[in-house]
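Residues per chain are reported as follows:
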Amino acid sequence: MVSHYLQLVVNPHVGKLPILMNPTTPIYNPYLLPISSNLTHFDLNNHEVSGVIPAAIRNLSNIVYLDLSSNRFEDEIPSEIGRLIQLRYLDLNNNNLNGAIPVQISNLQKVWYLNLGGNYLTDPNWSDFSSIPALTFLDLSYNELENAFPDFILQCKNLTVLDLSLNHLNGSLPKSIYNLAKLKELRLGTNQFSGPILQDLGLFPNLEVIELFENLFEGTIPSSIGQLQNLRHLDLHSNQLNSSIPYELGFCSNLTFLALAGNSFTGELPLSLSNLTQITDLGLSENNFSGEISSELVTNWTRLVSLQVQNNLFTGTIPREIGLLSDLTLLFLYNNSFTGSIPLEIGKLENLLSLHLSDNQFSGSLPSTIGKLVNLQSIKLHSNNLSGIIPADLGKNNLFLTTVSFSNNSFSGELPSGLCSSFRFELFTVNGNNFTGLLPDCIKNCTSLRRIRLDGNQFYGDISQVFGVHPNLTYINLSDNLFTGEISPDFGNLQNLTNLQLERNRISGKIPPELGDLQQLGALRLEWNQLSGKIPSELGKLNNMFNLNLGNNLLSGQIPQSLGNLTSLQDLDISANNLNGSIPTTIGNCARLTCLNLSNNDFSGEVPSQIGNLLGLNYLLDLSSNSFSGRIPQDLSKLKTLQNLNLSHNSFSGQIPQSLATSMRLAYNLLISRTIIYPVQSQTSAYSNKHRQHPLPEIQICVDPKKEYLRVTSKAHQRNPETIN
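Residues numbered from 1 in each chain as written. Predicted model: local features only at pLDDT ≥ 70, side-chain atom pairs only at ≥ 80, totals over all residues. Heavy atoms only, no water.

(A) Representation of the state of the cysteines within the structure. Overall, the coordinates contain one disulfide when judged by the stated rule. In this model, Cys-420 is linked to Cys-442 through a disulfide, with the two sulfur atoms separated by 1.8 Å. Across the S-S bond of Cys-420 and Cys-442 the torsion is about 85 degrees, and the bridge reads as right-handed. In this pair, Cys-420 is assigned in the loop between strand E32 (410–413) and strand E33 (427–429) and Cys-442 in the loop between strand E34 (434–437) and strand E35 (451–453), connecting sequence segments 22 residues apart. Classification of Cys-420 by relative accessible area gives buried; the value is 0%. For Cys-442, a relative accessible area of 7% corresponds to the buried category. (Disulfide = S-S within 2.5 Å. Helix = DSSP H or I, 4+ residues; strand = E, 2+ residues; numbered from the N terminus. Buried < 20%, exposed > 50% of the residue type's maximum accessible area, 1.4 Å probe, protein only.)

If you want it as C-alpha cells, here you go:
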C-alpha cells in the first residue's frame, strides 16, 4: 500500500528534487523516488534542494498539501501546477523562482493557503486571474512585483492575511480594498504606495496587524483607527505622514507594537496614549514631536521593552517613573532637548541593555545607581552638560559592557579603575572632557577594542605602558593629552587601523618604521610632540594615506623619495622640524594634495617645477622660512585655485613670474617701494601699465590669508617691511 503522506529527507549532498515518476518505473538511483498519484501530502521544506520544479508535478492529481519552501528551486513556476485542483495548501516561499506568476494558479479554487514569497517573481496580467474564493492566506512578499495593487486580490473576500511587502508596487490603495472586510493582517511595507492612508479603517473590524512602513503615504493617521479594538501591531515608519498623533489612537488599547519613526509628525504626545497599557515596543524617532514625556504616560507603559524617541524636539526631564519600566531593554532619548539630571531611578532598569542619552542638555553628575545596570551593554552620554566624576563602581558589575561614550561633557577626575572589568570594550570614547590621571589598567587588556578616543583631556603616563595595542583597533585618537614615552613598534601590527592620532602630547623617540605596514591607515597625525630621527621611508607604503602631519617635532634628515608614492595624500604637513636637503621631485606624484606645508625647516636648493603638477592644491602651499634659492618656478602658475601661498624668508632671486599673478587673478598693481603689494580685489589700476616693465628686485613672496594680498618684499628690507594698503 502506498502512503498518502510523504515527507522527504533528501541527501543534502545530492540536492536535487526527486523525479516524479510512475510507481511502476524501476528505481536505478536511490534519490529518484517513485511518487504515487494518490499522494495527498508532499513536504520538502528546508532540504536545500536545487533545480527546477518539474512539469511532471501535474501527476500529483490528488495532492492537497504541497510544501517546497526554503530550498533552491529556480526558473519559472510550471503552469502545470494549475492542474492540481485538489490543492488546498501551496508553499513555494524562499526559493529562487523567477518569471511571471502563472495565471493557472488561479485555477486552484480550493487553495486557502498560498505562499509565493521570497522569490524573484514578476507581475502577470492580473486581469487574467480569477478570484480564489477559498483563499484566506496570501503571501507574495519579497518578489519583483511592480505597478499597481493587484486587482484579483480585491475579489478574494475571505482573505484574513495579505502580505505584499518588499516589492515595487505603487499608486494609491484602491477603495475596493474595503471588500476585504475579514482581514486580520495587512502587510504592505517597503513598496512605493502613495496617497493618504485608508480613511475608513473601521471597516476592517478584525484587523490585528497593519504594516505600511517604507512607502510614500502622506497626510494624517485617520481618526477611524480608534475603532480597531483588536489592533496589536501598527507600523507606519518611514513614510511622509505629518500632523499630530490622533487622540483616538489611544483607544487601541491592545496595541503592543507602535512604530511611527521617520515621518514628519509634530505636536505633543496625547495623554490618551496612557491607555496603551499593553505596549512593549514604542518607536517615535526621527520626527518633530515636541513637549514633555508626561509621567502619566510612563506610569502606564510598564510593559515597555523598547522606548525609542530619538531625533525629535522633546523637552523637559526624564520622569522619575522611568524606574517602573522594569522590562525595558532599550532606552533611546538622544538628539532632543531634554534637560535636568539623569534620575536615580534609572538604576532600577535591571534588564536595560542600551542607554543612549547623547546630544541633549542633561546636566549634573551621573547617578551612583547606574552601576546597578548589570545587563548593560552600551551607554552613550556624549554631547551633554554632564559633570563631576564617574561613579567608582561603574564597570565592576557591568560585565557585558561593549560600548561606552562619555565624550564632549565636563566630566573630571580619574576614570574608575574597574570601568572596563568586562574586558569586552569595543568602542570607548571619553574625548572632550577634563579627565586626569593614568588610564585604568584594564584598558591595556581590552583586546576587543575597535575604536578609542581619549583626546582633549589631561591623561598622562608612558604611552607604551598604559595603552594596549590590540588587533581589532581601527581608530585611535589620544591627542591633546600629556602622554610621554615612545611609540611602540607593535603599532605596526594593527592591520585594520585607519586612523592614528597622537598629536599634541609629549611623546619622544623615533617614528617606528613598522608604521609602514599599516596598509589601511588613512590618517597619521603626530604633530606637536618631541619626535626625533628621520622620517621612515616605509611610510611611502601607506597607499591609503590622505592626511600625514608630522609638524612641530625634532625630525631631521631629508624627505624620503617614497612619499611620492602616496597618491591618495591630500594633506601633508612636516613643518617646524630640522629637515634639510631638497624637495624630492616625486612630490609631484601626489596629485590629490590640497595642502602642503614644508615651512620652518632647512630645505635648500630650487623648488622643483613638479609642484606645479599638484593641480588640486587649493588651500595652502607654504615653503616659508627655509633656505630655498633660485627662481620661483613658472609652473606654480598652474595652481589656479590656490588660496594661500607663502614663500617668505627664503633666498629666491629673479623676477616674480608674471604668469603667477595672472593665474591667481591678482591685479598687477605694482608700486615701487620697500614693499610691493598686489591687492586681490582690484581689477584695474593707474599704475598697472606704467610699472609693468619696471625691473623687480630680489624678492620674497607670501600670502597673508587675513588680508588676501600677494606681498612681495625686497630682501634688503626683509626684517622691517613697510606695508602699503
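Right, picking up where we left off after that structure.
(B) Representation of the sheet that holds strand E5 (residues 72–75) within the structure. Ordered by their spatial adjacency, four strands build an open sheet running E3-E5-E7-E9, and the pairing between neighbours is parallel. Of all strands in the sheet, those with a lone pairing partner are strand E3 (50–52) and strand E9 (120–122), marking the two edges. Adjacent strand axes in the sheet meet at a mean angle of 25 degrees, parallel and antiparallel pairs treated alike. Inspection of the sheet shows E5 paired to strand E7 (residues 96–100) by two bridges, in the parallel sense. In the strand pairing of E7, Glu-74 is matched with Asn-96. (Pairing = 2+ DSSP bridges. Axes fitted to C-alpha atoms, helices over the stretch in contact; angles between N-to-C directions.)

(C) Representation of the sheet that holds strand E25 (residues 313–314) in the model. In spatial order, the strands read E21-E23-E25; together these three strands make up an open sheet with parallel pairing. Edge positions in the open sheet fall to strand E21 (266–267) and E25, since each of these has one partner strand only. Pairing of strand E23 (residues 288–291) with E25, which is carried by two bridges, proceeds in the parallel orientation. Paired with Gly-291 across the bridge in E25 is Phe-314.

(D) Expanded view of a nonpolar patch on the surface. On the surface, a cluster of nonpolar side chains totalling about 250 Å² of accessible area is made up of Leu-438, Tyr-460 and Leu-482. Relative to the helices and strands, Leu-438 is located in the loop between E34 and E35. (Patch = residues over 30% accessible without salt bridge, like charges linked within 9 Å, V, L, I, M, F, W, Y side chains within 5 Å. Areas by Shrake-Rupley, 256 points an atom, 1.4 Å probe, with all protein chains shown as cover. Salt bridge = Lys/Arg side-chain N within 4 Å of Asp/Glu carboxyl O.)

(E) Spotlight on the pairing of strand E15 (residues 192–196). As paired elements, strand E13 (residues 168–171) and E15 share two bridges and run parallel to each other. In the strand pairing of E15, Gly-171 is matched with Phe-193. The sheet contact formed by E15 and strand E17 (residues 216–219) spans three bridges and is parallel. Bridge pairing in E17 places Ser-194 opposite Leu-216.

(F) Quick look at the confidence of the model for the protein chain. Confidence in the prediction of the protein chain, expressed as mean pLDDT, is 87, and 86% of residues score 70 or more. Predicted confidence for residues 1–34 stays below pLDDT 50, and this span has 63 contacts to residues more than four positions away or in other chains. Counting interchain partners and residues more than four positions distant, the pLDDT-below-50 stretch residues 664–725 has 119 contacts. (pLDDT = per-residue confidence, 0-100. Contact = heavy atoms within 4.5 Å.)

(G) Main features of the pattern of salt bridges. Taken as a whole, this structure holds 15 salt bridges when the rule is applied. Here Arg-72 and Glu-48 are joined by a salt bridge, their closest N and O atoms 3.7 Å apart. Of this pair, Arg-72 sits in strand E5 while Glu-48 sits in the loop between strand E2 (41–43) and E3, and the two are 24 residues apart along the sequence. By relative accessible area, which is 41% here, Glu-48 ends up partly exposed. Note that Arg-504 is salt-bridged to Glu-503, the shortest N-O span being 3.8 Å. Residue Arg-504 is classed as partly exposed on the basis of its relative accessible area, which comes to 35%.

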